[in-house]
Amino acid sequence: MASIFTKIINGEIPCYKVAETDEFLAFLDINPNAKGHTLCIPKKEVDKIFDLDEDTYMGLMAFSRRVAIALEKAVPCKRVGVSVIGLEVPHVHVHLIPLNRMDDARFLSKETLQPEEFEAIAKAIASHL
Ligand code: 5GP
């Protein structure tokens, strides 16, 4: 069965898109640790990051870096943190999280955002790409 992220790639489930290439997609996490929390994924559906072929892995890292640089310009924060977990969704994703305090790097406290806020943040990040 297709992962929820493959459904997002195929447009079957909506997302707040930040960036897209032929191989990769970046969109806002729906249950963010902090405003601007973004997920970068390969369109190729693979469960674990280190099972990616080397080209896709390196491409995903370069894509994530480009998005992180734009994210840091768009969302005021001390720095952008990177995390790869994957215990919930078995489709490789790099979490990019604007950090102001240690708690932002934990997956316990969450921000509630309205659709207009998600839209504005996605647009702001995209404008810095
Ligand atoms: P992980 O697999 O790394 O533990 O976490 C999966 C992440 O994907 C979570 O932060 C969760 O909020 C996010 N997520 C799960 N389902 C969806 C979805 O349908 N849309 C979006 N935008 N994010 C999702």
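Above this text is the structure in question.
Source: prediction; values computed, not measured.

K.L.:
Looking at this structure, I do not really get the nonpolar core. What am I missing?
P.N.:
Side chains that are nonpolar tend, in soluble globular proteins, to be buried together. Grouped together as the largest cluster of nonpolar side chains are 28 residues, with contacts concentrated most on Val18, Leu28, Cys40, Leu60, Val67, Leu96 and Ile125. For this core, the secondary structure elements donating two or more residues are β1 (17-20), β2 (24-28), α2 (54-74), β5 (94-99) and α3 (115-127). Broken down by element, this core gets its largest block of residues, 7 residues, from α2. Residues within four places of Cys40 in sequence aside, it is in contact with Leu25, Ala26, Leu60, Phe63, Ser64, Val67, Val92, His93, Val94 and Leu96. Ile8, Leu39, Ile41 and Val89 belong to the second largest nonpolar core, which has 7 residues in total.

K.L.:
Looking at this model, I keep getting lost on α2. Mind explaining?
P.N.:
Note that an α-helix has 3.6 residues per turn; residues three or four places apart therefore point the same way. Counted at 1.5 Å a residue, the expected span for α2 with its 21 residues is 30 Å, and the 30 Å between its end C-alpha atoms agrees. Taken as a whole, α2 has its buried residues at Thr56, Leu60, Phe63, Ser64, Val67, Ala68, Ala70, Leu71 and Ala74. Across the axial projection of α2, the buried residues extend over an arc of 165 degrees, all falling on one side. Counted as exposed and oriented over 90 degrees from the buried face of α2: Glu54, Asp55, Arg65 and Lys73.

K.L.:
Would you mind showing me how to read the pattern of salt bridges here?
P.N.:
When their charged atoms lie close together, side chains carrying opposite charge are able to pair. For the structure on display, the rule yields 7 salt bridges. In this structure, the salt-bridge partner of Lys44 is Asp53, at a minimum N-O distance of 2.7 Å. The class of Lys44 is partly exposed, set by a relative accessible area of 43%. Several salt bridges converge on common partners, so that one network encompasses Arg101, Asp103, Asp104 and Arg106.

K.L.:
Got a minute to help me understand the site of the ligand in this structure?
P.N.:
Around the ligand, 16 residues are found, and the nearest of them are Leu28, Asp29, Gly86, His93 and His95. At a separation of 2.8 Å, an oxygen atom of the ligand approaches a polar side-chain atom of His95. Here the ligand loses 89% of its free accessible area of 520 Å² to cover by the protein chains. Listing elements by their share of the shell around the ligand, those giving two or more residues are α1 (4-9) and β2. Examining the composition of the shell around the ligand, we find that 3 residues originate from one element, α1, more than from any other. Among the residues forming the shell around the ligand, the class breakdown is 10 nonpolar, 4 polar and 2 charged.

Quick notes on the rules
Residues numbered from 1 in each chain as written. Predicted model: local features only at pLDDT ≥ 70, side-chain atom pairs only at ≥ 80, totals over all residues. Heavy atoms only, no water. Core = buried A, V, L, I, M, F, W, Y, C linked by side-chain atoms within 4.5 Å. Buried < 20%, exposed > 50% of the residue type's maximum accessible area, 1.4 Å probe, protein only. Helix = DSSP H or I, 4+ residues; strand = E, 2+ residues; numbered from the N terminus. Contact = heavy atoms within 4.5 Å. Expected span 1.5 Å × (residues − 1). Arc of directions from axis to C-beta. Salt bridge = Lys/Arg side-chain N within 4 Å of Asp/Glu carboxyl O. Near = heavy atom within 4 Å. Polar contact = N/O pair within 3.5 Å; in protein donor to acceptor, adjacent residues only side chain to side chain. Areas by Shrake-Rupley, 256 points an atom, 1.4 Å probe, with all protein chains shown as cover. Nonpolar A, V, L, I, M, F, W, Y, C, P; charged D, E, K, R; others polar.

Without other data, these values stay purely geometric and don't point to any function.
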